[in-house]
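Coordinate inspection notes
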Amino acid sequence: MYSNAYIFRYASIMVILVAAILTSVALVLKPYQEHNRRVEKISDILSAAGLEADASNAVEVYEQSIIEELAIDLSGEVVAIYKDGGLAQGEVRAFDIDVKVVMDEIAKGGKPLLPLFHMRAADNSEVFVIPVRGKGLWGPIWGNIALAPDYTTVIGVSFDHKGETPGLGAETNTTEFESQFLGKKILDESGNFTSIKVVKGGVANSSDVPLQHGVDAISGGTITSNGLSAMVEDCLKNYVPFIQKRKAL
Amino acid sequence: MSADTPKKEALFSAKNRRLLFNPLNKENPITVQVLGICSALAVTVKLEPAVVMAISVTLVTAFSNLSISLLRNTIPPRIRIIVQLVVIAMLVILVDEVLKAFYYDVSKQLSVFVGLIITNCIIMGRLEAFAMGNKPWPSFLDGIGNGVGYGWILIVVGLFREFFGSGTIWNFPVMEKLGVYNFGYKDNGLMILPPMALILVGVIIWIQRARNRELIEENK
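Thresholds applied
- Residues numbered from 1 in each chain as written.
- Chains lettered and ligands numbered in written order.
- Predicted model: local features only at pLDDT ≥ 70, side-chain atom pairs only at ≥ 80, totals over all residues.
- Helix = DSSP H or I, 4+ residues; strand = E, 2+ residues; numbered from the N terminus.
- Buried ≥ 20, exposed ≤ 12 C-beta atoms within 10 Å, placed from the backbone.
- Contact = placed C-beta atoms within 7 Å.
- Core = buried A, V, L, I, M, F, W, Y, C linked by C-beta atoms within 7 Å.
- Pairing = 2+ DSSP bridges.
- Axes fitted to C-alpha atoms, helices over the stretch in contact; angles between N-to-C directions.
- Nonpolar A, V, L, I, M, F, W, Y, C, P; charged D, E, K, R; others polar.
- Parallel < 35°, antiparallel > 145°, perpendicular 65-115°, else oblique.
- Left-handed = near helix turned anticlockwise from the far one by under 90°.
- Arc of directions from axis to C-beta.
- pLDDT = per-residue confidence, 0-100.
- Expected span 1.5 Å × (residues − 1).

**Side note on the overall build of chain B**
On a plain count of helices and strands, chain B comes out with 10 helices and zero strands. Put simply, chain B runs from its N terminus to its C terminus through helices and strands in the order α-α-α-α-α-α-α-α-α-α. In terms of overall dimensions, chain B has a C-alpha envelope of 75 × 45 × 35 Å along the principal axes. Looking at chain B as a whole, 39% of its 220 residues qualify as buried. Summarising the internal contacts of chain B: among those between residues at least 6 apart in sequence, 77% fall at separations of at least 24.

In structure tokens, the structure reads:
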């Protein structure tokens, strides 16, 4: 029979050993994991801007096509600019701003800085990419929305999700769904913010959402569709002061 | 070495071969023991995650069996389940970290199911039933056998679900290349949903029992 002292010793030594192994492995692999997360973020931005890249050349394509990364505050002032590999103004690199933190702070009434990516698309036109993040049915959903230089017309989007239902909510990250956003407007004729709504039953059949401000929802993926609709609105509306300042120039 | 040491057993003796190959068929953890079904439904939408899951589970069963077998004479029986879980959890976290570092896309697809390998009944079942009472080498083989037995079912199910559900095999658009979409063929959306995995596992069990009558339970 084993004594209690033996059992305690056994358990303690085992746990310390396992902890040591796991910590060292985590430390060794951390740089690779960070790199993967960066590449994923870059790929998402590039995909919204309509630039093609895979994991191997994403960083390179991004560096070639980025004009500047802007960090703007909620009143629409540009606080920091990062370009040509260095900070030209301010102290924050927009790329390092976590949209999740931004949205949490806004929900709590804080005044975080918002990231905005000013890029050159494949056809040499300029695009503004806005990262968005919200809630789906099972977990977070996120994405990027690329606007034309008129700050109104959507020229590309990319969405992704943590674990929406395959075949239903998960369809929001397919090209078929995303391509619906092309040419939609985030401002109405008089320049007021009107988000793009994801409409159940199809935007063409809807009496209260105009065609240029709506896309069709996914059948069977209503909660994800609604979450996406709310995400687009909640995130884009923070950029409205900035957009209106720029348009007034 | 004392004189009465039993003759050293060959590495792949008939007994060891049985440990390795029986779980592939008549002692299969999924189709005969019906263990590990949950993850089998979740990760078989496509072939690639199914293969990665199969490899991960095989590594975890093999090495947890090996470690527990090495420790078996020191483990106090009163905390043996905890010891087993710590070993399994450690191996699973290692697998998860490595996937995140080198197979990021696949790791994202597998999401929580890598972590849930910890709760896979096959692994603890083998530790309790086999590794606690057997030498390291047979335990290791038993782990490999059970992992592969679990894995091949996953891969077969994944193959069919991806082919009929998405029209691709290993993300290669087979159906599109065959041109069947031009004749009005549509991918079967039901294949993507978990119930279809259960039905496919059922079909595999059916075929297996039709071929091997020993597995059929007597009607009482």
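**Re the overall build of chain A**
Along chain A, the regular secondary structure elements total six helices and nine strands. Overall size of chain A, expressed as C-alpha extent along the three principal axes, is 85 × 45 × 40 Å. The buried share among the 249 residues of chain A stands at 34%. The contacts of chain A with a sequence gap of at least 6 include a subset with a gap of at least 24, amounting to 51%.

**Focus on the nonpolar core**
Among the nonpolar cores identified, the biggest contains 57 residues, and A:Ala49, A:Val129, A:Ile130, A:Ile145, A:Ala146 and A:Val154 are the most heavily contacted of them. In contact with A:Val129, other than residues within four places in its own chain, are A:Ile45, A:Ala48, A:Ala49, A:Phe117, A:Met119, A:Asn144 and A:Ala146. The next biggest cluster of nonpolar side chains, apart from the first, holds 48 residues, and it includes B:Met132, B:Phe140, B:Val148 and B:Tyr150.

**Focus: unusual backbone geometry**
Here A:Asp84, not a glycine, exhibits a phi torsion of approximately 50 degrees, which is positive. Along the chain, A:Asp84 turns up in the loop between β2 (78–83) and β3 (86–89). The class of A:Asp84 is exposed, set by 9 C-beta atoms lying within 10 Å. Of note in the backbone geometry, B:Trp170 takes a positive phi value of approximately 50 degrees without being a glycine. Positionally, B:Trp170 belongs in the loop between α8 (136–166) and α9 (174–178). For B:Trp170, a count of 12 C-beta atoms within 10 Å corresponds to the exposed category.

**Points about the sheet that holds β3(A)**
Residue and element names in this part refer to chain A. Across the sheet, which stays open at both edges, the seven strands sit in the order β3-β2-β1-β4-β5-β6-β7 with antiparallel pairing between neighbours. Two strands close off the open sheet at either side, each with one partner strand: β3 and β7 (154–161). Recorded for the sheet is a direction-independent mean angle of 25 degrees between the axes of neighbouring strands. Alignment of β2 against β3, held across three bridges, turns out to be antiparallel. The partner of Lys83 across the bridge, within β3, is Gly86. Packed on one face of the sheet, helix α3 (residues 99–107) meets β4 (114–120), β5 (126–135) and β6 (140–147) and runs near 65 degrees to β5.

**Notes on the interface of chain B and chain A**
Between chain B and chain A, the residue contacts involve 19 residues of the former and 20 residues of the latter. Looking at the side of chain B that touches chain A element by element, the count peaks at 10 residues for helix α4 (residues 80–102) of chain B. Across the side of chain B that touches chain A, the residue classes break down as 14 nonpolar, two polar and three charged.

**Description of the pairing of strand β1 (residues 66–72) of chain A**
Residue and element names in this part refer to chain A. Burial analysis of β1 places five of its seven residues in the buried class, which makes it a mostly covered element. The pairing of β1 with β4 spans six bridges and is classified as antiparallel. Counted as the bridge partner of Ile72 is Leu114 from β4. By the bridge criterion, four bridges tie β1 to β2 in an arrangement that is antiparallel. Residue Ile72 lies in a different strand from β2, and its bridge partner there is Val78.

**Overview of the packing of helix α3 (residues 47–71) of chain B against α8(B)**
Residue and element names in this part refer to chain B. Contact geometry for α3 and α8: axes closest at 8 Å, N-to-C directions at 165 degrees. Between α3 and α8, the crossing angle belongs to the class labelled roughly antiparallel. Note on packing geometry: the crossing formed by α3 with α8 is right-handed. Split into classes, the residues belonging to the contact of α3 with α8 amount to 17 nonpolar, 11 polar and two charged.

**Comments concerning α3(A)**
Every α-helix carries 3.6 residues per turn, so stepping three or four residues along brings you back to the same face. All names here are of chain A. Within α3 the residues assigned to the buried category are Val99, Val102 and Met103. On an axial view of α3, the arc spanned by its buried residues comes to 95 degrees, and they lie on one face. In this structure, α3 carries Lys100 and Val101 as exposed residues pointing more than 90 degrees from its buried face. In this fold, the buried residues of α3 make contact with β4, β5 and β6. Phi turns positive one or two residues past the end of α3, at Gly109, with a value near 90 degrees.

**Some words on the packing of helix α1 (residues 4–48) of chain A against helix α2 (residues 58–65) of chain A**
All names here are of chain A. Between α1 and α2, the least distance of the axes is 9 Å, while the angle of their chain directions is 50 degrees. With respect to each other, α1 and α2 are oriented oblique. Crossing of α1 against α2: the hand is left-handed. Of the residues in α2, those in contact with Val39, Ile42, Ser43 and Leu46 of α1 are Ala58, Val59, Val61 and Tyr62. Residues of the contact of α1 with α2, tallied by class, amount to seven nonpolar, one polar and no charged.

**Some points on the environment of B:Trp137**
Mapped onto the elements, B:Trp137 comes out in helix α8. Residues B:Trp137 and B:Val98 lie 39 residues apart in sequence; the distance between their C-alpha atoms is 25 Å.

**Quick word on the confidence of the model for chain B**
Put simply, chain B has an average pLDDT of 89, and 96% of its residues get 70 or more. Confidence estimates for the predicted assembly give a pTM of 0.81 and an ipTM of 0.81.

**Some details on helix α10 (residues 194–211) of chain B**
All names here are of chain B. With 18 residues, α10 ought to run about 26 Å at 1.5 Å a step, and its terminal C-alpha atoms sit 26 Å apart, in line with that. Of the residues making up α10, those classed as buried are Met196, Ala197, Leu200 and Val201. Seen end-on, α10 carries its buried residues on one side only, within an arc spanning 145 degrees. Residues Pro195, Ile199, Gly202, Trp206 and Ala210 are exposed on α10 and point more than 90 degrees away from its buried face.

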